[in-house]
Amino acid sequence: MKWDRKYLLSIDDLSVEDIYEIFQTAKSMKEIIKRPIKKVPTLRGKNVCLLFYEPSTRTRMSFENACKFLSIDTISFSRETSSLKKGETFLDTLLNIEKMGVDLFVIRHSSSGILHYIRKFINSKIVNGGDGTNEHPTQALLDGFTILENKNRIESLKITIVGDILHSRVARSNIRLFKKLGAYIVLCGPPTLLPKEFENMGVEISYNLKEAIDNADVIYVLRLQLERQSSNFFPTVREYNELFGIKKDILKYAKKDVIIMHPGPMNRGVEIDSDVADSNYSLILNQVENGVAIRMSILYYMLV
Ligand code: CP
């Protein structure tokens, strides 16, 4: 499906050309962010609602700053102080807020696929800020942009995604984006958090960390999502760290110029050790910086 610029719910909404266009515009947006006065009038008069039903630091605040830098007005929704507490449904909440003059919603919700349902009832534009375990397309775009900046290509890179794949919307969006752009993808984690069905996405699966990161250009580490786990997927967090935690000494199996990425928030000492997260291999804070530029680029295409 061609991106109609009304919705960005999935990486599948975007063609390869769309993705590179978003990256190209994000480059220009980075220039704006570096200026002493980080504001352009491009989207003055537009209104965006940041509707986060789940906690967020990076996605929510980077969208908020992206809006400010483009002169977009924002309204924010707080679950705790809203009429949800009085029993109002998610759809009714959206329909009411839409009538207040909102051009675009950025929505994070715990239910996978819910945005595909509500899009039928809402006329405003919608960007997926992360839906359950389904997708987080703007995260994948900022990750792809960060890799391109550092490796000058994505095609034919070996990207190893390590960790809690089962519960990860970031993994699902990143697999789609990296594959679209021609990377070779290996997934690694304990079998309980990495079902064989992921092979249907055209990736290699490995349960051995050393083999998985052998000759890797990129190691993408995922957070262990303990809040989404209703049963015990591994004996102890310590054992998980021993077998699948990214430590300095394991990096010798990867390429010399390997880069380490993580979408945040990190569990230091669980999926990644601090001496890796804070090392020169790490692009974790570059990802956050690029998140603002990528979200400015997306808002530009959807609202101009
Ligand atoms: N990467 C990411 O989505 O972080 P937040 O949950 O803080 O938005």
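Definitions and cut-offs
Residues numbered from 1 in each chain as written. Predicted model: local features only at pLDDT ≥ 70, side-chain atom pairs only at ≥ 80, totals over all residues. Heavy atoms only, no water. Helix = DSSP H or I, 4+ residues; strand = E, 2+ residues; numbered from the N terminus. Rg over C-alpha atoms; globule rule 2.2 N^0.38 Å. Buried < 20%, exposed > 50% of the residue type's maximum accessible area, 1.4 Å probe, protein only. Contact = heavy atoms within 4.5 Å. Areas by Shrake-Rupley, 256 points an atom, 1.4 Å probe, with all protein chains shown as cover. Lys, Arg positive; Asp, Glu negative; His and termini not counted. Charge placed at Lys NZ, Arg CZ, Asp CG, Glu CD. Salt bridge = Lys/Arg side-chain N within 4 Å of Asp/Glu carboxyl O. Near = heavy atom within 4 Å. Polar contact = N/O pair within 3.5 Å; in protein donor to acceptor, adjacent residues only side chain to side chain. Nonpolar A, V, L, I, M, F, W, Y, C, P; charged D, E, K, R; others polar. Domains from an automatic or database assignment. Core = buried A, V, L, I, M, F, W, Y, C linked by side-chain atoms within 4.5 Å. Phe/Tyr/Trp six-rings, centres within 6.5 Å; stacked < 30°, edge-to-face > 60°. Buried area = accessible area lost by both parts, 1.4 Å probe.

(A) The overall build of the protein chain, seen in detail. A tally of regular secondary structure across the protein chain gives 10 helices and 10 strands. The C-alpha atoms of the protein chain give 19 Å as radius of gyration, which agrees with the globular expectation for 304 residues (19 Å, within 12%). When its C-alpha atoms are laid out on the principal axes, the protein chain stretches across 55 × 45 × 35 Å. Across the 304 residues that make up the protein chain, the buried fraction comes to 56%. When contacts within the protein chain are restricted to residue pairs at least 6 apart in sequence, those whose partners lie at least 24 apart make up 74%. Element-wise, carbon and sulfur atoms account for 50% of the exposed surface of the protein chain, whose accessible area totals about 13400 Å². Taken together, the 42 basic and 37 acidic charged side chains of the protein chain have centroids lying 4 Å from each other.

(B) Quick peek at the pattern of salt bridges. Taken as a whole and assessed by the stated rule, the structure comprises 12 salt bridges. With a shortest N-O distance of 3.3 Å, Lys 196 and Glu 199 are connected by a salt bridge. By relative accessible area, Glu 199 is classed as partly exposed at 36%. For Asp 217, the salt bridge is made with Lys 255, and the minimal N-O distance between the two is 2.9 Å. You can see Asp 217 sitting in the loop between helix H7 (209–213) and strand E9 (218–221) and its partner Lys 255 sitting in the loop between helix H8 (237–244) and strand E10 (259–261), a full 38 residues away along the chain. Classification of Asp 217 by relative accessible area gives buried; the value is 5%. We classify Lys 255 as partly exposed; its relative accessible area is 30%. Ionic contacts of the salt-bridge type, sharing partners, join the residues Asp 12, Glu 135 and Arg 176 into one network.

(C) Main features of the site of the ligand. Neighbouring the ligand are Ser 56, Thr 57, Arg 58, Thr 59, Arg 108, His 136, Gln 139, Pro 263 and Gly 264. Within the side chain of Ser 56, an N or O atom sits 2.6 Å from an oxygen atom of the ligand. Contact distances for the ligand include 2.9 Å between an oxygen atom and a backbone N or O atom of Arg 58. In isolation the ligand has 260 Å² of accessible area, and contact with the protein removes 92% of it. Taken together, the residues that form the shell around the ligand break down as 1 nonpolar, 6 polar and 2 charged. Each of domain 1 (7–135 + 288–303) and domain 2 (137–283) gives at least three residues to the shell around the ligand.

(D) Focus on the nonpolar core. Val 48, Leu 141, Ile 147, Ile 161, Leu 187, Ile 294 and Leu 299 are the most contacted members of the largest nonpolar core, which has 62 residues in total. Of all the elements, helix H10 (residues 284–303) adds the most residues to this core, at 9 residues. Split by domain, the residues of this core number at least three in each of domain 1 (7–135 + 288–303) and domain 2 (137–283). Contact partners of Val 48, with chain neighbours within four places excluded, come to Cys 67, Ile 72, Asp 73, Thr 74, Ile 75, Leu 104, Val 106, Leu 299 and Leu 303. In this structure, Phe 244, Ile 246, Ile 272 and Val 276 belong to the second largest nonpolar core, which totals 26 residues.

(E) Broad picture of the packing of aromatic side chains. Applying the stated criterion across every chain yields a total of 8 aromatic pairs. For the pair Phe 23 and Phe 145, a centre-to-centre distance of 5.8 Å together with 40° between the ring planes defines the contact as tilted. With Phe 23 in helix H1 (residues 16–34) and Phe 145 in helix H5 (residues 137–151), the pair connects residues that are 122 residues apart, well separated along the chain. On the basis of relative accessible area, Phe 23 is assigned to the buried category, the value being 3%.

(F) Representation of the environment of Glu 54 in the model. Summarising the element assignment, Glu 54 is placed in the loop between strand E2 (47–52) and helix H2 (58–69). Overall, the relative accessible area of 15% leaves Glu 54 in the buried class. Spatially, the C-alpha atoms of Glu 54 and Ser 110 are 6.5 Å apart, while their sequence positions differ by 56 residues. At a separation of 3.1 Å, a polar atom in the side chain of Glu 54 contacts the side chain of Arg 169.

(G) Focus on the side chain of Arg 295. Among the structural elements, Arg 295 can be located in helix H10. No salt bridge forms around the buried Arg 295; measuring N to O, its nearest opposite-charge neighbour Asp 143 is 8.1 Å away. Setting aside chain neighbours within four positions, we find Arg 295 in contact with Arg 58, Thr 59, Ser 62, Phe 63, Ala 66, His 136, Thr 138, Gln 139 and Leu 142.

(H) Just the domain arrangement of the protein chain, in detail. Domain annotation for the protein chain reports domain 1 (7–135 + 288–303) and domain 2 (137–283). In this structure, domain 1 and domain 2 have C-alpha centres spaced 25 Å apart. For the domain 1 and domain 2 pair, buried surface summed over both sides reaches about 2400 Å², with 63% attributable to carbon and sulfur atoms. It is Ile 11, Phe 23 and Thr 133 in domain 1 that bury the most area against domain 2; as a group they hold 26% of the surface buried on that side. Here domain 1 is connected to domain 2 by 4 salt bridges. Between Lys 30 and Glu 149 there is a salt bridge, with the nearest N and O atoms lying 2.7 Å from each other. At the surface where domain 1 touches domain 2, the tally comes to 11 residue pairs in polar contact (both at pLDDT 80 or more). Going through the elements one at a time, H1, H2, strand E4 (104–109), strand E5 (125–131) and H10 are the ones with two or more residues in the side of domain 1 that touches domain 2. Ranked by residue count, the leading element in the side of domain 1 that touches domain 2 is H1, at 8 residues.

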